[in-house]
Amino acid sequence: MTTETLDIKITKNTQPRLAQTDFSKLVFGHTFTDHMLVADYADGEWKNFQIIPYGEIGLSPAISALHYGQAFFEGMKAYRQQDGQVSIFRPDKNAARFNKSAQRLCMPELPVELFTQSIAALVDVERDWIPTAENHSLYIRPFMFATDPYLGVVPSSTYKFMVLTCPVGPYFTKPLRVKFETHFTRAAEGGFGYAKAAGNYAGAMLPNRRAMEEGFDQLIWTDAKEHLYAEEMGAANVMFLIDGKLITPSTRDTILDGVTRDTVIALTKDWGVPVEERRVSIAEIVDAAKSGKLTDAFGAGTAATIAPVGSINYNGEEYTLSDPATREYSNKVFNTLNDIRYGRTADTHGWNYMV
Ligand code: PLP
Ligand code: COI
């Protein structure tokens, strides 16, 4: 199917829930809009793009997505701009990463235009669901999974691409108490940490639960080999301001190439602040915390937005950072990002895709 022939059949939900939805009580990922997008891959092509009422779908219990995890997803957001227009933030970056995940999991790629246009069509249908309050948006969850009904451990020949949308508010509501994870591993060299594979998130659940039982809000993943270098923070990239420089782990096999990370780096360079993308050791962060040179630390992600770290724990030693409310850098990043997304300042990088 080519872009020119992208023809999306729309079946309207006859029992919309929008009017009954309380936007002041949104819990991330619990409220779904009235419609969803579905497309099928079979015989070597994408077809049957449809927007249908949100609801259950019938599937064979033998699909390899359920047994072997041949499944992955993306996360992005649409915003209601201050003049009422609707924009999606950097969908081209998500489309590119979608296809990187697809390649790694032996799944078919989806041409960037089909990804973007089909998502824009769904957002257009759901535009009244986009919250207007500050720090609120429409979370977009594209995903793909294998649908061949047999148990062979081989790539499926059929797939479904689907997109769900959820109105959301802030993911974190307070500064995070985090710890360096030095036992469990999220991803190893040669693995698929850089892909948004479903299995990466299943494997993170036990370490996350343990960290929460210990009183932490999030963990900072460290390298699989030595557990000496910071990699990511939960489901977000991690960034540190040390001695006036923005320092963040460089992307590699084990690290998701975050859209928010890339955006923060671009803004930081615009401002003339030095940026270092490289390996960052726990020792360097701990030393900087002790000497007062660690003036900011935060997670950067679509769901997480800019999530300030309040304190970092390493092997039982707690390092408390300055009050996030007083931090110049992460507040500037957070506010600038919001201003661009809500159309309050010029989008000089062309990041807003207008629907
Ligand atoms: N790292 C992981 C493991 C994630 O799940 C996410 C969330 O998508 C990120 C980083 C941040 O990526 P992005 O800014 O593209 O949302
Ligand atoms: C996102 O930020 O879009 C993510 O994928 C995080 C999610 C697992 C909640």
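To be clear, the structure that these remarks concern was listed above.
Thresholds, definitions, all that
Residues numbered from 1 in each chain as written. Chains lettered and ligands numbered in written order. Predicted model: local features only at pLDDT ≥ 70, side-chain atom pairs only at ≥ 80, totals over all residues. Heavy atoms only, no water. Helix = DSSP H or I, 4+ residues; strand = E, 2+ residues; numbered from the N terminus. Rg over C-alpha atoms; globule rule 2.2 N^0.38 Å. Buried < 20%, exposed > 50% of the residue type's maximum accessible area, 1.4 Å probe, protein only. Areas by Shrake-Rupley, 256 points an atom, 1.4 Å probe, with all protein chains shown as cover. 1 Å grid on protein atoms, 1.4 Å probe; cavity = no way out; pocket = protein on both sides within 12 Å on 5 of 7 lines; lining within 4 Å. Points joined across faces, edges and corners; volume = space filled by probe spheres on them. Nonpolar A, V, L, I, M, F, W, Y, C, P; charged D, E, K, R; others polar. Domains from an automatic or database assignment. Pairing = 2+ DSSP bridges. Right-handed = clockwise from strand over helix to strand, strands pointing away. Axes fitted to C-alpha atoms, helices over the stretch in contact; angles between N-to-C directions. Parallel < 35°, antiparallel > 145°, perpendicular 65-115°, else oblique. Contact = heavy atoms within 4.5 Å. Near = heavy atom within 4 Å. Polar contact = N/O pair within 3.5 Å; in protein donor to acceptor, adjacent residues only side chain to side chain. Sits in = over half its atoms within 2 Å of the grid points.

Asks: In this structure, what is going on with the overall build of the chain? I would like to understand it.
Replies: When helices and strands are tallied, the chain shows seven helices and 19 strands. In terms of overall dimensions, the chain is globule-like: its C-alpha atoms have a radius of gyration of 21 Å, near the 20 Å expected for 355 residues. For the C-alpha atoms alone, the extent of the chain along its principal axes is close to 60 × 50 × 35 Å. Across the 355 residues of the chain, 52% fall into the buried class. As displayed, the chain has an accessible area near 15,600 Å², and 51% of this comes from carbon and sulfur atoms.

Asks: Can you walk me through empty space enclosed by the protein in this structure?
Replies: A probe as big as a water molecule, rolled over the atoms, marks out the empty space that is left. The final tally for this structure, using the stated rule, is one cavity of 30 Å³ or more. Of the voids in this model, the largest cavity is the one considered here, and its volume is about 70 Å³. Looking at the lining of the largest cavity, the elements that each hand over two or more residues are strand E5 (76-80) and helix H5 (259-270). Of the residues belonging to the lining of the largest cavity, the class tally is four nonpolar, four polar and two charged. Two domains share the lining of the largest cavity, each providing at least three of its residues, namely domain 1 (3-169) and domain 2 (176-341).

Asks: Quick question: what am I supposed to make of the pairing of strand E13 (residues 245-248) here?
Replies: Note on strand geometry: in a regular strand, side chains alternate between the two faces of the sheet. In terms of strand pairing, strand E12 (residues 236-242) meets E13 through three bridges, oriented antiparallel. The residue bridging Ile242 from the neighbouring strand is Lys245, located in E13. Note that E13 and strand E14 (residues 275-277) share three bridges and pair parallel. Note on E14: the bridge partner recorded for Thr248 is Glu277. Crossover handedness for the path E13 to H5 to E14: right-handed.

Asks: Quick question: what am I supposed to make of the packing of H5 against helix H7 (residues 328-341) here?
Replies: Between two packed helices, what matters for the description is the angle formed by their axes and the separation of those axes. At a closest axis distance of 11 Å, the pairing of H5 and H7 adopts a crossing angle of 105°. Relative to H7, H5 is oriented roughly perpendicular. Between H5 and H7, the contacting residues are Thr260, Thr263, Val264, Leu267 and Thr268 on the first element and Tyr329, Val333, Thr336, Leu337 and Ile340 on the second. A class-by-class count of the residues in the contact of H5 with H7 yields six nonpolar, four polar and no charged.

Asks: Explanation requested: the site of ligand 1 in the structure shown.
Replies: Neighbouring ligand 1 are 16 residues; Lys196, Tyr201, Glu232, Thr260 and Thr302 lie closest to it. For ligand 1, a nitrogen atom lies 2.4 Å from a polar atom in the side chain of Glu232. Take Thr302: an N or O atom from its side chain is 2.6 Å from an oxygen atom of ligand 1. In isolation ligand 1 exposes 380 Å². Once the protein is present, 96% of that is buried. Assessed atom by atom at 2 Å from the grid points, ligand 1 resides in the largest pocket.

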